Amino acid sequence: MTLSVRTVHRNTSRTDFKFYADRLIRLVIEESLNQLPFDTCMVMTPTGNYYKGTKYQRGNCGVSIVRSGEAMEQGLRDCCRSIRIGKILVESDSDTHEARVVYAKFPHDIADRKVLLMYPIMSTGNTVIKAVNVLKEHRVAEDNIILSNLFTTPIAAQTITTAFPLMTILTSELYHIAPNHFGQKYFGTD
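Computed from a predicted model, the values in this text were never measured in an experiment.

**Quick word on the sheet that holds strand β4 (residues 84-92)**
So, point 1. With mixed pairing, six strands are arranged side by side in an open sheet as β5-β4-β3-β6-β8-β10. Each end of this open sheet is capped by a strand with a single partner; those strands are β5 (99-105) and β10 (168-170). The sheet shows a mean angle of 25 degrees between the axes of neighbouring strands, direction not considered.
So, point 2. With six bridges connecting them, strand β3 (residues 60-66) and β4 associate as parallel partners. When the bridges of β4 are listed, cysteine 61 appears paired with arginine 84.

**Examining the sheet that holds strand β11 (residues 173-174)**
So, point 1. The strand order β7-β9-β11 describes an open sheet built from three strands, whose pairing is parallel. Only two strands of the sheet have a single partner each, and these edge strands are β7 (121-122) and β11.

**Topic: the packing of aromatic side chains**
Think of a pair of aromatic rings as described by two things: how far the centres are apart, and how the planes are tilted against each other in angle.
So, point 1. A complete count under the given rule lists four aromatic pairs for this structure.
So, point 2. Judged by centre distance (5.0 Å) and plane angle (80 degrees), the rings of phenylalanine 19 and tyrosine 20 are edge-to-face.
So, point 3. According to the relative accessible area criterion, phenylalanine 19 is partly exposed, its value standing at 47%.
So, point 4. Ring geometry for tyrosine 186 and phenylalanine 187: centres 5.2 Å apart, planes at 80 degrees, overall edge-to-face.
So, point 5. Among the residues examined, phenylalanine 187 registers a relative accessible area of 26% and is labelled partly exposed.
So, point 6. Pairwise contacts between aromatic rings join Phe17, Phe182, Tyr186 and Phe187 into one cluster.

**With respect to the pattern of salt bridges**
So, point 1. For the structure shown, the criterion picks out eight salt bridges.
So, point 2. Measuring nitrogen to oxygen at the nearest pair gives 2.7 Å for the salt bridge that ties arginine 26 to glutamate 30. Of the two residues, arginine 26 and glutamate 30 both sit in helix α2 (residues 14-34), four residues apart, roughly one turn of that helix.
So, point 3. Residue arginine 26 is classed as partly exposed on the basis of its relative accessible area of 32%.
So, point 4. In this structure, lysine 136 engages glutamate 142 in a salt bridge whose closest nitrogen and oxygen atoms are separated by 3.2 Å.

**A look at helix α4 (residues 126-137)**
So, point 1. Here α4 contains twelve residues, and its C-alpha end-to-end distance of 17 Å stays within 8% of the 16 Å for a straight helix at 1.5 Å per residue.
So, point 2. What α4 keeps buried is the set Thr127, Val128, Ala131, Val132, Val134 and Leu135. Angularly, the buried residues of α4 cover 155 degrees about the axis, an arc narrow enough to put them on a single face.
So, point 3. With its phi angle positive at about 65 degrees, arginine 139 sits one or two positions after the end of α4.

Conventions and cut-offs
Residues numbered from 1 in each chain as written. Predicted model: local features only at pLDDT ≥ 70, side-chain atom pairs only at ≥ 80, totals over all residues. Heavy atoms only, no water. Pairing = 2+ DSSP bridges. Helix = DSSP H or I, 4+ residues; strand = E, 2+ residues; numbered from the N terminus. Axes fitted to C-alpha atoms, helices over the stretch in contact; angles between N-to-C directions. Phe/Tyr/Trp six-rings, centres within 6.5 Å; stacked < 30°, edge-to-face > 60°. Buried < 20%, exposed > 50% of the residue type's maximum accessible area, 1.4 Å probe, protein only. Salt bridge = Lys/Arg side-chain N within 4 Å of Asp/Glu carboxyl O. Expected span 1.5 Å × (residues − 1). Arc of directions from axis to C-beta.

Next comes the structure, spelled out in structure tokens:
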């Protein structure tokens, strides 16, 4: 018996969906953190021995694009317990699809930090473009932004890389249809 992807999705419980989404989020977040610059350092172990370890060069922070980006916050906190997380709410006009910023709250020194911009699903790239422009207005250098993403369309990827060629983009899948139901399924509002 063959099941279509659509049939499997409809029958996936929210618990299973969230479990697998969290696993995928964790993988993308860990790879995003691997992109951050680090220095070597000596770490004294509890047994009194020294170990050659690593530490991040400077402050880092996360910024989630509300609402679906908030699904990625726990994955970031699981990897970096004390990391600062900012938020930005971008709404799209239902008629024109033009994005506008409704709310933005960042660490006061965000211009001096590497920023992991968290947004799991990109259909057009308009929301991310607006969010990155707000970060740049707060003096965040384009090459200090790492977009952590789960699924993107080729159109959105092209739009983002054209608009911000110095920004790093990490995604788990490039596909012509974005699963725009992700936020509803993840938060149980479907």
